[in-house]
Amino acid sequence: MATMTELSSTEEKNKYSQDTQVDEKLILRKAPSLCSTRYGIAFLAHLCNFTIMAQNVIMNISMVTMVNSTGHQSQFNNSTEGPPVDSFGGPNNAPKSLPEGAPVYDWSPQIQGIIFGSINYGMLLTLVPGGYLAGRVGTKRVLGFSLFGSSILGLFTPLAADLGLVFLIATRLLQGVTQGSVFGGQFALWERWGPPHERSRLCSFALSGMIMGAFTAILLGGVISQALGWPFVFYIFGGIGCVCCLLWFVLVYDDPVSHPWINVTEKEYIISSLAQQVSSSKQSLPIKAVVRSLPFWSICFCSFSHLWLINIFIVYTPTYISSVFHVNIRDNGFLSALPFIVAWVIGVLGGHLADFLLTKNFRIVTVRKIATVLGILPPSAFLVALPYLTSSYITTMTLLTLACGLSSLCQTGVYINALDIAPRYSSFLTGAARGFAQIAAVLAPTVSGFLLSQDSEFGWRNVFLLMFAINLLGLLIYLIFGEGDVQDWAKERKLTRL
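None of these values were measured; they are calculated from a predicted model.

Cut-offs and rules
- Counting restarts for each chain, with residues numbered from 1 along the sequence as it is written.
- Predicted model: local features are reported for residues with pLDDT of at least 70 only, side-chain atom pairs are reported and counted for 80 or more only, and whole-chain, interface and lining totals are derived from all residues.
- By convention in this description, side-chain values take in all heavy atoms of the structure and omit both hydrogens and water.
- Here a helix means four or more residues in a row that DSSP labels H or I, a strand means two or more in a row labelled E, and each is numbered from the N terminus.
- Partly exposed residues are those whose accessible area sits between 20% and 50% of the maximum for their type, while under 20% is buried and over 50% is exposed, using a 1.4 Å probe and protein chains only.
- In what follows, a contact means two residues having at least one pair of non-hydrogen atoms within 4.5 Å.
- A 1.4 Å probe and the Shrake-Rupley method give the accessible areas. Residues count as covered only by the protein chains that appear here.
- Every case where a carboxyl oxygen of Asp or Glu lies within 4 Å of a side-chain nitrogen of Lys or Arg is listed as a salt bridge.
- Any two of the Phe, Tyr and Trp rings considered here, Trp counted by its six-membered ring, make a pair once their centres fall within 6.5 Å; the pair's planes then place it as stacked at under 30 degrees, edge-to-face at over 60, or tilted in between.
- By the criterion adopted, a ring carries a charge over it if an Arg CZ or a Lys NZ lies within 6 Å of its centre and within 35 degrees of its normal.
- Count a disulfide wherever a pair of cysteine sulfur atoms falls within 2.5 Å.
- Patches here: salt-bridge-free residues with over 30% relative accessible area, like charges joined within 9 Å, nonpolar side chains (Val, Leu, Ile, Met, Phe, Trp, Tyr) joined within 5 Å.
- Residue-level confidence of the predictor is what pLDDT reports, using numbers from 0 through 100.
- In this description, a nonpolar core means a group of buried Ala, Val, Leu, Ile, Met, Phe, Trp, Tyr and Cys residues linked to one another through side-chain atoms lying within 4.5 Å.

Quick look at the overall build of the chain
(1) Moving on: A count of helices and strands for the chain gives 19 helices and two strands.
(2) Moving on: Out of the 498 residues belonging to the chain, those deemed buried represent 55%.
(3) Moving on: Taking as baseline every contact in the chain between residues at least 6 positions apart, the subset at least 24 positions apart corresponds to 88%.
(4) Moving on: With the model as given, the accessible surface of the chain reaches about 21000 Å², and the carbon-plus-sulfur share is 66%.

Structural notes on the pattern of salt bridges
(1) Moving on: Within this structure, the stated rule accounts for five salt bridges.
(2) Moving on: Residue D355 is joined to R201 by a salt bridge in which the shortest nitrogen-to-oxygen separation is 2.7 Å. Separated by 154 residues along the polypeptide, D355 in helix α14 (residues 329–359) and R201 in helix α9 (residues 199–227) bring together distant segments of the chain. Like D355, the residue R201 is buried in the burial classification.
(3) Moving on: In this structure, the salt-bridge partner of R368 is D420, at a minimum N-O distance of 2.7 Å. Of this pair, R368 sits in helix α15 (residues 364–385) while D420 is found in helix α17 (residues 418–421), placing the two residues 52 residues apart along the sequence. D420 shares its class with R368; the two are buried.

Observations concerning the packing of aromatic side chains
(1) Moving on: Per the counting criterion, the structure on display carries 17 aromatic pairs.
(2) Moving on: Look at Y320 and F464: their rings are 5.8 Å apart centre to centre, the planes differ by 65°, and that puts the pair in the edge-to-face class. With a gap of 144 residues between them, Y320 in helix α13 (residues 294–325) and F464 in helix α19 (residues 459–481) connect regions that are remote in the sequence.
(3) Moving on: With relative accessibility at 4%, the residue Y320 sits in the buried group.
(4) Moving on: Ring pairs connect the aromatic residues F296, W297, F301, F304, W308 and F436, which therefore count as one cluster.
(5) Moving on: A cation over a ring is seen here: K140 above Y253, with NZ or CZ 4.2 Å from the ring centre.

A short note on the state of the cysteines
(1) Moving on: By the definition in use, this model includes zero disulfides.
(2) Moving on: Cysteine C245 remains unbridged, with the sulfur of C242 as its closest cysteine sulfur at 7.0 Å.
(3) Moving on: Note on C245: relative accessible area 4%, which makes it buried.

Description of unusual backbone geometry
Working note: non-glycine residues mostly have negative phi, and peptide bonds are mostly trans.
(1) Moving on: One non-glycine residue with positive phi stands out, namely N361, at about 70°.
(2) Moving on: With respect to the helices, strands and loops of the structure, N361 is situated in the loop between α14 and α15.
(3) Moving on: Under the relative-accessibility criterion, N361 is labelled exposed at 56%.

Brief notes about a nonpolar patch on the surface
(1) Moving on: A cluster of nonpolar residues, L294, L377, L472, L476, L479, I480 and F481, forms a patch on the protein surface that exposes about 590 Å² of accessible area.
(2) Moving on: Looking at which element gives the most residues to the nonpolar patch, the answer is α19, with five residues.

Regarding the environment of F362
(1) Moving on: Residue position: F362 is located in the loop between α14 and α15.
(2) Moving on: Each residue touching F362, except ones within four places of it in the same chain, is listed here: L357 and V367.

Comments concerning the environment of K288
(1) Moving on: Its location among the elements puts K288 in helix α12 (residues 287–291).
(2) Moving on: Judged by relative accessible area, which is 65%, K288 ranks as exposed.
(3) Moving on: Along the primary structure K288 and W489 are separated by 201 residues, whereas in three dimensions their C-alpha atoms are 9.6 Å apart.

Observations concerning the confidence of the model for the chain
Close reading of the predicted structure is inappropriate where its pLDDT is low.
(1) Moving on: In the predicted model, the chain carries a mean pLDDT of 81, and 82% of its residues have values of at least 70.
(2) Moving on: Within the chain, the lowest mean pLDDT, 38, falls on helix α3 (residues 85–88), and the highest, 95, falls on helix α10 (residues 231–251).
(3) Moving on: For residues 1–30, every residue scores under 50 in pLDDT, and the model assigns this stretch 41 contacts once sequence neighbours within four places are set aside.
(4) Moving on: Taken as a whole, residues 71–96 scores under 50 in pLDDT and shows 52 contacts with residues more than four places along the chain or in a different chain.

Side note on the nonpolar core
(1) Moving on: Judged by nonpolar contacts, the single largest core of 120 residues is most densely connected at W190, F340, L383 and L429.
(2) Moving on: Not counting chain neighbours up to four residues away, the residues in contact with F340 comprise I211, A214, F215, I218, F313, I314 and C404.

Listed below in structure tokens is the structure:
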């Protein structure tokens, strides 16, 4: 007769959570983080996220020069104060001519919306399978081939646009399919590479590559489009992706055991720190338990609400700045990119702060919820205040920068919570949660565009109020049902014969 028994009791788990800080301090003296392999892996994951997000975002800024926008002046300009002329040259003094030879298309706003949304539809298809495959066959292969596919499709985008609208939409759709595997599958790395009290900083640094990618694409996209033509935006970032792909395949390994150049001390440190959470045996996924898990669903709904906020930033920051201040594409790129570099800095520092709090005996769930509250509530409130303060250029940019900057704190909150509640299934759970949240990436631009087109006077106010309501609801669900302990269904079990 066979029965299922848990390897560790609740008492042992509590004892481990209380004593792990002392044990880890002893081991950390032998395994410094500076120039370590695990932080090298995090840096390569940072580059991968940088490239993928840049390839995702460049269409948003390039579209300004891809279409003939004459006659589509915004109806939402209420500003009485513009950007300083000395800093940006003024909208009338900046160079506006575009390179000859760059094609221009006659696409309506509705067509542009379909092009923007097509990549998100593609991502919906592979976020969950990407997380599952990464946990089964390894993150190296899943992310490496996905990055290569996205880069090749990025290089093909200008040709696809010349071939016709259908080819362009199909290319963006396929690019979304490849990118979904990256966003959904990368967390499997930290199942094997991330010591529990370093996961916040490792994950936050890796994920901050997305913010840096958005910053760089928005900042340089306008400059490249104006200097060389919009096709070169896709050529340059596609080429960068191919180079990063080569580095990924050569330098990244799925676990410390298979890495040929890792220091022995660091390898033993990582393996021993994960001994309580990771098993070498493959166990079937407890689907029914996952579906019934309220902590998992709280992660899904909170991720959905936060991704709605992030998509408002990424898609509509250039549009909002243009509608309020009427700046050209170069100055728009500089202004739109500023909030993202601040978000990158706060995201990296937030990871270190979260790990510091954990070493001071803060509960994991407390740290995750504090980071999530700070990453959702203040940014939402700042955006709600924007339509009432558009008369001040400095105030508007300050609120946009603070809102975008604080939003990155969720990287050390809800987005890595699956590593806490189910370490051995975290790649699938994060892929599933991100897949659920990705619905927001499809709905947010569509709903926001509808609200802006229906009400020329209060359009932005309605967009931000709806976003605030969604964010508040998702945050409340997470605060009520979110957990930080390993769930019973995620603990290792073994077959014992009586």
